[in-house]
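Residue strings, one per chain:
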Amino acid sequence: MARTNGKRSRKRGLSPGTLMHVGEKKVEKTRITVIDYDEKNFLEEEVEALEECFPFRDTSTVTWINVDGVHDPSVIERLGAYFNLHPLILEDIMTTSQRPKMEDLGDSIYIVLRMVEYDEKKRQITTEQMSVVMGPNYVLSFQETPGDSFDPVRDRIRKAKGRIRKLGPDYLAYALIDSVVDNYFLVLERLGEKIEGLEESLVTEPKRELLHEIHGLKREMIFLRKSVWPLREVLNGLQHAESALIKETTGIFFRDVYDHTIQVMDTVETFRDMLSGMLETYLSSISNRMNEVMKVLTIIATIFIPLSFVAGVYGMNFKFMPELEWRWGYFLVVGFMVLAGLGMVVYFKKKKWM
Amino acid sequence: MARTNGKRSRKRGLSPGTLMHVGEKKVEKTRITVIDYDEKNFLEEEVEALEECFPFRDTSTVTWINVDGVHDPSVIERLGAYFNLHPLILEDIMTTSQRPKMEDLGDSIYIVLRMVEYDEKKRQITTEQMSVVMGPNYVLSFQETPGDSFDPVRDRIRKAKGRIRKLGPDYLAYALIDSVVDNYFLVLERLGEKIEGLEESLVTEPKRELLHEIHGLKREMIFLRKSVWPLREVLNGLQHAESALIKETTGIFFRDVYDHTIQVMDTVETFRDMLSGMLETYLSSISNRMNEVMKVLTIIATIFIPLSFVAGVYGMNFKFMPELEWRWGYFLVVGFMVLAGLGMVVYFKKKKWM
Amino acid sequence: MARTNGKRSRKRGLSPGTLMHVGEKKVEKTRITVIDYDEKNFLEEEVEALEECFPFRDTSTVTWINVDGVHDPSVIERLGAYFNLHPLILEDIMTTSQRPKMEDLGDSIYIVLRMVEYDEKKRQITTEQMSVVMGPNYVLSFQETPGDSFDPVRDRIRKAKGRIRKLGPDYLAYALIDSVVDNYFLVLERLGEKIEGLEESLVTEPKRELLHEIHGLKREMIFLRKSVWPLREVLNGLQHAESALIKETTGIFFRDVYDHTIQVMDTVETFRDMLSGMLETYLSSISNRMNEVMKVLTIIATIFIPLSFVAGVYGMNFKFMPELEWRWGYFLVVGFMVLAGLGMVVYFKKKKWM
Amino acid sequence: MARTNGKRSRKRGLSPGTLMHVGEKKVEKTRITVIDYDEKNFLEEEVEALEECFPFRDTSTVTWINVDGVHDPSVIERLGAYFNLHPLILEDIMTTSQRPKMEDLGDSIYIVLRMVEYDEKKRQITTEQMSVVMGPNYVLSFQETPGDSFDPVRDRIRKAKGRIRKLGPDYLAYALIDSVVDNYFLVLERLGEKIEGLEESLVTEPKRELLHEIHGLKREMIFLRKSVWPLREVLNGLQHAESALIKETTGIFFRDVYDHTIQVMDTVETFRDMLSGMLETYLSSISNRMNEVMKVLTIIATIFIPLSFVAGVYGMNFKFMPELEWRWGYFLVVGFMVLAGLGMVVYFKKKKWM
Amino acid sequence: MARTNGKRSRKRGLSPGTLMHVGEKKVEKTRITVIDYDEKNFLEEEVEALEECFPFRDTSTVTWINVDGVHDPSVIERLGAYFNLHPLILEDIMTTSQRPKMEDLGDSIYIVLRMVEYDEKKRQITTEQMSVVMGPNYVLSFQETPGDSFDPVRDRIRKAKGRIRKLGPDYLAYALIDSVVDNYFLVLERLGEKIEGLEESLVTEPKRELLHEIHGLKREMIFLRKSVWPLREVLNGLQHAESALIKETTGIFFRDVYDHTIQVMDTVETFRDMLSGMLETYLSSISNRMNEVMKVLTIIATIFIPLSFVAGVYGMNFKFMPELEWRWGYFLVVGFMVLAGLGMVVYFKKKKWM
């Protein structure tokens, strides 16, 4: 349940905007790295004291400050104060069960996203909150753990691959969001393979364990869907944002990543439909099998119970039972039994039970 | 059913706006407290006579008048007359089965909310109606019972914590609404734990009682959802209200609490989906188990009924039954029985019934 | 089915606007009463000839003409001609299976509503069509039967209770509509009690008759919902109507009754959800019980059928059956039977079938 | 399936606008009738050669040209050329599986509708495509078969009944559409009676055939709904069309027929809900009955199988079975059997199985 | 699963707009054909080197460049560079799992569609991505395989059939899209026949294999629907596009093909409803049959098990069993058995089980 709701109750009664970490503490120490670049210059460093990264705010180059670990109020507070962020935004950064959303703050845009990952061991999707603040010439990003999702972006900046070094902080923000959305595709591919595997097992050998797996995957879909829907809204918002921070040329990129979220949603819905279909298939094959079992039972019982009765009758010990004395009595009765049995079989064949 | 519909029938035929308490009477005596503050001054008192709080209306400080108990028409009427509230609003305050709604009255804004609580004993959610009237420099709040939900707000005002003493009545109204919405999170956490517990029990030991608990929780979800949907509308209305009463700087706070209601709704929907999934899991495991029971019955009956028939045949008392005289007849028949039984077992194994 | 569709086929091929009563004729004679009032004057009379009420049209006082019985084309036609109503409106008044709707005719507003009542004997909701025409200084109302739903309104006018005598025809129309919507609450309270009763019976003694009652209530909900949805549209239309006929001060009253229809709709939806939940509960408890029955059968059959077979074997009449001669044969066999039976019981206990 | 999709594949690869009949050919020869009228004049004739009706286009009177049979490209083409219709419109007229739609062509309005009929023999709804082109002073109508649905309209024109002779082609178009919508009511009444009948049978004698009838009716509802939805859109379009062809005074008539389509839709949805409810009722009564059957089986088996076992034990042929020798052995055993049987009965009564 | 999601993971971490083929490589070599025409001139050629087709860009005639095979980045890149396409568009062209979409690029319009085909062998729908770029006087089309879907269009251009040679590139783009939408009708006809066949089999002989076929068709419907919904959006976008590239006269054609997509969607939804209905029918007939089987079993068991017990009693070997000595004992018992059996039959008849 930890997945659906952070322990907000601890914050109850506090003044809104009070900074306090809500969620699981995933790293020991906050780690801050700064990348500062323009088309010609590039600088990357890990800062010890937070204040080291402040001077970059006022340079004309693009500055990307990445913070791993959001549990330390003092760090978040000082950073927020320097970059002029509203206390509620800082509170959102530290409350790691946020729903994806976008807030246009005028001089900066605040975006919360959820980074998904498929945990093979627990067989469930885990998510991590990622906050991005995009300013006129800087981007701040906040992660709960020092994941490697942003490494490709870093690499592209370092090696000046593509157009990233030529464009501004809006393109950098786009690149970060794009790498988050790409992770959804990875998770979906992984789940897709699982569904495909299940589907085959269902045809070849419908076992009971499959049921639990189908239900488990359905649950993951509920969960995934819950985080994709607001993600789509965020990207729709960014696409239509009338903010001076997003240049017109970057618009097409945001449109592109918006299309990706729609594709993710489509796939999630299709998977849901497929899983429901599989469940239906499974249940109706169970019901079919039950029917078959019942038929076997009925055939056996219907043939042999009456015959046993006949045998029982002639097993009675009455003194005066004329048939018992007949020379061919036994053979007559056995003959009658065989005929009756065959008659039953014919009847069942006609009724298509055999 | 008391939860879904107050006894409005008592009011039938009365002129609209006639004041009459509709609902359960929860307190004996109406209790009125006044808090009056600005950045520097603070005054808190419980008034005996209603009229004592009237002078505060015209001071420049922020005045918060809290009324516990809404069953007394005379109190509500005099207060309404003094603060110039429409009779229909007064009627709404006294009819404690209102749907959350917001009404912009020009010189004040009227808001109805429902405060939720989870009653552990009855195992159901109880709600209480809370009305808030926000004026240019006062806030009136009406509760059915003197609950402690507003205590943290009072405390923040008393101790001048956060920004509450620096801001106006719109921020106070926000703080009250925020504490109502926070309660939804508490209830959801409580229900989430229950669902988590149920889910585990479902895996380890699917008992029949679980079914009733799942159905019970589903019902609570229907109920919760019914009060969250209009709450969201209220907050959306407040967020977009073009009222001079709500200052621009307070806008971000209303947006924040609006985001919280969306998160509440999301969680309610997720819980509903999870409970439906659990019900499906339970029912299909029941069906699986039934299938297993049927198989055992069928196997036993199919093996032994025909063999019993054979035994019955040789238990008949006919005079002339040649097999009975044979030296090895008994052993032949028993041998045949063993073979037939084993054949059945092999057949069932092949059919994967065993 | 009479409830879902009047016999419109009788009208097929007639020119639109041709007056002809469609529906059940519920009263013998059309009865017309006139109430004429302003703040100071009051006059109430039952008119014999329709024309008697015509002079009131041009007085400055508010005139309310109520017509009980809509089956007589001549009455409707003359009234319509005098008050300048479009033939299609007259046709709608006489076709008593109309969907609630509102039509702004410029110099008057035409409203169709359905008055609901719960018929205890037939155990179903019955509805009656009520048409209201609101003009600049008159209100015409048309009912199928002389019901007593409007009596409280009449009474308030007679006794000058509340503000009704001070306000115009728009407030009168509101009062009539409000009394129609109030009836929905009465019906819902009645149904709510039934649902509550059913729910309790379901827990204490899930009998088969409950199923029919649940299905019956579900059907009533379908029916109720069908008439509430358009009612809500009508009131939404009235609330936003830009007609000079509705004064601004009356707006808040229409908004209030609109809120009531939303509450009715909410309750209908909640009842539907609750009934669906009850049906699910009932069906799963049936399925549970079936499972239990099957287990008892399986346990009995699985224990005794094999044992009977053993007894059958030693009941065979072969000449040479060594065991039969043994001194302790009988006791050995009975002992084996007891042990086998106990073994089975242990097995079932382990499988949690007992 | 012919009902859901015409054989469009035959047209594949042809240039759009190529005239070719798609659908079943229902009449041999195209039949064209002309009615030309104004308030004073009236002329009706069946034309042999298409060109005979051309002169009417330019008269000031209203001209209604009705074409029965749309399979002949040459007729449609020449008519289209003379009345200046777009080739795509002509193609639509000849493709008789069109979805109802409206196209405002500037100098004329093109409307496709589906005329429904209930075929008692096939027990299904059949539809026929009807196209209407409304011009400044003419109306063209195209039917697949010379049905009698328009006869009442013709009659009203002939006899100058109602207002039809006084008004223009827009009123004529309305009258035609109205007669199409009226047919939906007829079909719904027919289906309503069937549903009512089924519902009664379901209570008195739930037979297996009912299931097929319910499913059949559900299918008809799917089909009916599919053609009502777009019909509603068409009428909504007409109602809001800003075309000079539709006079303001005719507006109220289109609004009226729009209300009728909403009523049709409502009824279709209600019928669907009722049929679903009936299916649920049927299935749960089947399940109830199964439960009852199982109980009888279990009671019988549980009482007699153990008793038979006891009888089997004393039917064994061991030499040394002391009980057999006892004087009262038989009576003791029979007594025990009776007691055990009664005990079982008491147990089942207590468990409410009997 | 290949159908639901291309292997996007291979592209992870690359700069957006990096050209790389994502999807199955379906042809060996890219094949490029050029058709250049106006009302009088016509030229068709297959180019060897891509650059051969560049000069056509600047001619005043309409140029259609068709590319079969999108796996070669160099081809797509050079073409894109010459026709000034955004790198993201080129990326979309090469990623063959795109959702249908439209992008107005100002000087050209980019459209992605999915061409459907029904693969009889695999019994599933296959889709292929088709991209169309419409410029001021050229159309570029990209297919994965050199299919023959566009042959009719080519033919119409070659033979100057219809109006295609007289109109511009917007009409050509329409013609291509129209031929894609036509394919949906073909696939639906094929599926419709299958559904019709299944429906008949369901009535005549409800076998277990039908279940798999119904589930299979339902799955195809999920899949088809997934590609029709965005197709409809694309065409809606084109219809309302305010681009100078689409002439007003072509508008009606886009509206027409939009109507076709709605018809496709309607049919898909109807098929889904029909398949759900068939599944319900199948499952309830299975349940009915199970009920019947259970009844036979119960009747047989209920008649013969008690009678067998009676026979068992008189088969006991007690020394003192007075009845056994009676002269008519045997006949009395047999007579009682016959009567009891008949009594049971009468009871079952009365209960309608036989």
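The rules behind each value
- Residues numbered from 1 in each chain as written.
- Chains lettered and ligands numbered in written order.
- Predicted model: local features only at pLDDT ≥ 70, side-chain atom pairs only at ≥ 80, totals over all residues.
- Heavy atoms only, no water.
- Helix = DSSP H or I, 4+ residues; strand = E, 2+ residues; numbered from the N terminus.
- Rg over C-alpha atoms; globule rule 2.2 N^0.38 Å.
- Contact = heavy atoms within 4.5 Å.
- Areas by Shrake-Rupley, 256 points an atom, 1.4 Å probe, with all protein chains shown as cover.
- Lys, Arg positive; Asp, Glu negative; His and termini not counted.
- Charge placed at Lys NZ, Arg CZ, Asp CG, Glu CD.
- Phe/Tyr/Trp six-rings, centres within 6.5 Å; stacked < 30°, edge-to-face > 60°.
- Lys NZ or Arg CZ within 6 Å of the ring centre and 35° of its normal.
- Least-squares fit on C-alpha atoms with pLDDT ≥ 70 in both.
- Buried area = accessible area lost by both parts, 1.4 Å probe.
- Salt bridge = Lys/Arg side-chain N within 4 Å of Asp/Glu carboxyl O.
- Buried < 20%, exposed > 50% of the residue type's maximum accessible area, 1.4 Å probe, protein only.
- Pairing = 2+ DSSP bridges.
- Polar contact = N/O pair within 3.5 Å; in protein donor to acceptor, adjacent residues only side chain to side chain.
- Arc of directions from axis to C-beta.
- pLDDT = per-residue confidence, 0-100.
- Axes fitted to C-alpha atoms, helices over the stretch in contact; angles between N-to-C directions.
- Nonpolar A, V, L, I, M, F, W, Y, C, P; charged D, E, K, R; others polar.

### Some words on the overall build of chain A
Broken down by element type, chain A carries 8 helices and 7 strands. For chain A, the C-alpha radius of gyration of 35 Å lies well beyond 20 Å, the compact-globule estimate for 354 residues. Here the C-alpha coordinates of chain A stretch approximately 120 × 45 × 30 Å along the principal axes. Put simply, 68% of the contacts in chain A that link residues at least 6 apart link residues at least 24 apart. Surface accessibility of chain A: about 14,300 Å² in total, with carbon and sulfur atoms responsible for 55%. Counting 47 positive and 52 negative side-chain charges, chain A places the centres of these two groups 9 Å from one another.

### Some remarks on the arrangement of the chains
When C-alpha atoms are compared, chain B and chain E, though not in contact, are closest at a spacing of 9 Å. Looking at chain C next to chain E, you find no contact at all, with the nearest C-alpha pair sitting 9 Å apart.

### Section: the packing of aromatic side chains
Within this structure, the stated rule accounts for 70 aromatic pairs over all chains. An aromatic cluster is defined as three or more aromatic residues linked by ring pairs; in this entry it consists of Tyr314, Trp328, Tyr330 and Phe331 of chain A together with Phe318 of chain B. Note that Arg57 of chain C overlies the ring of Tyr82 of chain C, its terminal NZ or CZ placed 3.9 Å from the centroid. Over the face of the ring belonging to Phe320 of chain D we find Arg327 of chain C, whose NZ or CZ atom lies 4.6 Å from the ring centre.

### So, the relation of the copies chain B and chain C
Its rotation angle being 72°, the transformation that places chain B on chain C also includes 0.0 Å of axial translation and leaves an RMSD of 0.1 Å. As the rotation angle and translation indicate, the two copies are arranged about a five-fold axis. Residue Gly315 of chain B, judged by its C-alpha, is the member of chain B lying nearest the rotation axis, at 4.7 Å. A share of only 17% of the interface residues of chain B reappears at the interface of chain C, consistent with the copies meeting through non-equivalent patches.

### Quick look at the interface of chain B and chain C
Across the boundary between the two partners, chain B contributes 64 residues, which contact 66 residues of chain C. Summed over both partners, the interface of chain B with chain C comes to about 5,900 Å²; 60% of that surface belongs to carbon and sulfur atoms. Summed over the shared surface of chain B and chain C, the number is 8 salt bridges. For Lys101 of chain B, the salt bridge is made with Asp259 of chain C, and the minimal N-O distance between the two is 2.7 Å.

### Thoughts on the pairing of strand E4 (residues 101–104) of chain D
All names here are of chain D. Residues of E4 alternate between two faces, with Lys101 and Glu103 buried on one and Met102 and Asp104 left unburied on the opposite face. Strand direction decides the pairing type here: E4 and strand E5 (residues 109–119), joined by 4 bridges, are antiparallel. Paired with Glu103 across the two strands is Tyr110, which belongs to E5. Linking E4 to E5, which pair antiparallel, is a turn of 4 residues; within it Gly106 sits at a positive phi near 90°.

### What about the environment of Thr95 of chain E?
Residues and elements named next belong to chain E. Structurally, the position occupied by Thr95 is in the loop between helix H2 (87–94) and strand E4 (101–104). Considered as a pair, Thr95 and Val116 are 21 residues apart in the sequence and their alpha carbons are 17 Å apart. A distance of 2.8 Å separates a polar atom in the side chain of Thr95 from the backbone oxygen of Glu91.

### Examining helix H1 (residues 73–82) of chain B
All names here are of chain B. The complete set of buried residues in H1 reads Val75, Ile76, Leu79 and Gly80. One side of H1 holds all its buried residues, which, seen down the axis, span an arc of 125°. Packing partners of the buried residues in H1 comprise strand E1 (31–37), strand E3 (62–68), helix H2 (87–94) and strand E7 (138–143). Sitting at the amino-terminal end of H1 is Asp72, which places a side-chain oxygen 3.1 Å from the backbone nitrogen of Ser74. Phi for Asn84, located one or two positions after H1, is positive at around 60°.

### So, the confidence of the model for chain A
Residue and element names in this part refer to chain A. This prediction gives chain A a mean pLDDT of 85; 96% of its residues lie at or above 70. Mean pLDDT values over the elements of chain A span from 82, in helix H7 (residues 322–325), up to 93, in strand E7 (residues 138–143). Overall fold confidence for the complex sits at a pTM of 0.81, while the interface term, ipTM, reaches 0.76.

### Quick word on the sheet that holds strand E7 (residues 138–143) of chain D
Residues and elements named next belong to chain D. Ordered in space as E2-E1-E3-E7-E6-E5-E4, the 7 strands form an open sheet in which the pairing is mixed. At either margin of the open sheet sits one strand with a lone partner, and together these are strand E2 (42–47) and E4. Between one strand axis and the next, the sheet turns through 15° on average, direction left out of account.

### Focus on the side chain of Thr127 of chain E
All names here are of chain E. With respect to the element layout, Thr127 can be found in strand E6 (residues 124–134). Thr127 gets classed as buried once you look at its relative accessible area, which sits at 18%. Of note is the side chain of Thr127, whose polar atom sits 3.1 Å from the side chain of Arg114. In this view, Thr127 contacts Lys26, Arg114, Met115, Val116 and Phe223; residues no more than four positions away in its chain are not counted.

### Remarks on the sheet that holds strand E4 (residues 101–104) of chain B
Residue and element names in this part refer to chain B. If you walk across this open sheet you meet the 7 strands as E2-E1-E3-E7-E6-E5-E4, and the pairing is mixed. Looking at strand neighbours, the two that pair on one side only are strand E2 (42–47) and E4, the edges of this open sheet. Within this sheet the neighbouring strands show an average axis-to-axis angle of 15°, counted without direction. Running at roughly 25° to strand E5 (residues 109–119), helix H4 (residues 169–204) makes contact with E1, E3, E5, strand E6 (124–134) and E7 of the sheet.

### Some details on helix H2 (residues 87–94) of chain D
Taken across its 8 residues, H2 of chain D has 7 buried, putting it largely inside the fold. Among the residues of H2 of chain D, those classed as buried are Leu88, Ile89, Leu90, Glu91, Asp92, Ile93 and Met94 of chain D. On the buried face of H2 of chain D, the contacting elements are helix H1 (73–82), E4, E5, strand E6 (124–134) and E7 of chain D together with helix H6 (248–313) of chain E.

### A short note on the relation of the copies chain E and chain A
Taken as rigid bodies, chain E and chain A are interconverted by a rotation of 72° and an axial shift of 0.0 Å, the fit giving an RMSD of 0.1 Å. Both copies present different contact surfaces, since only 17% of the interface residues of chain E are interface residues in chain A too.

### Topic: the environment of Pro230 of chain A
Residues and elements named next belong to chain A. Relative to the helices and strands, Pro230 resides in helix H5 (residues 208–240). When the C-alpha atoms of Pro230 and Val112 are compared, they prove to be 10.0 Å apart, with 118 residues separating the residues in sequence. Contacts of Pro230, omitting those with residues within four sequence positions, involve Arg99 and Pro100.

### Overview of the pairing of strand E5 (residues 109–119) of chain A
Residues and elements named next belong to chain A. Taken across its 11 residues, E5 has 9 buried, putting it largely inside the fold. Examined bridge by bridge, E5 and strand E6 (residues 124–134) share 11 bridges and lie antiparallel to one another. Bridge assignment links Ile109 to a residue of E6, and that residue is Met134.

### Notes on the interface of chain E and chain A
Taken together, the 64 residues of chain E in the interface contact 67 residues of chain A. For the pair chain E and chain A, the two sides together bury roughly 5,900 Å², of which 60% comes from carbon and sulfur. At the surface where chain E touches chain A, the tally comes to 8 salt bridges. Between the two partners, chain E and chain A, sit 14 residue pairs in polar contact (both at pLDDT 80 or more). Elements with a contribution of two residues or more to the side of chain E that touches chain A: H2, E4, helix H5 (208–240), H6, helix H7 (322–325) and helix H8 (329–350) of chain E. Top contributing element to the side of chain E that touches chain A by residue count: H6 of chain E, with 17 residues. The residue makeup of the side of chain E that touches chain A, split by class, is 31 nonpolar, 15 polar and 18 charged.

### Examining the pattern of salt bridges
Going through the model one piece at a time under the given rule, you end up with 118 salt bridges over all chains. A salt bridge links Glu51 of chain E to Arg78 of chain E; its shortest N-O distance comes to 2.7 Å. Here Arg78 of chain E lies in helix H1 (residues 73–82) and Glu51 of chain E lies in the loop between strand E2 (42–47) and strand E3 (62–68), a separation of 27 residues in the sequence. Here Glu269 of chain E ties to Arg272 of chain E by a salt bridge, and the two come within 4.0 Å at their closest N and O atoms. Residue Glu269 of chain E and its partner Arg272 of chain E are located together in helix H6, separated by 3 residues, close to a single helical turn. Using a relative accessible area of 24% as the deciding quantity, one classes Arg272 of chain E as partly exposed. Salt bridges sharing partners connect three or more residues here, namely Glu44, Asp155, Arg158 and Lys159 of chain A.

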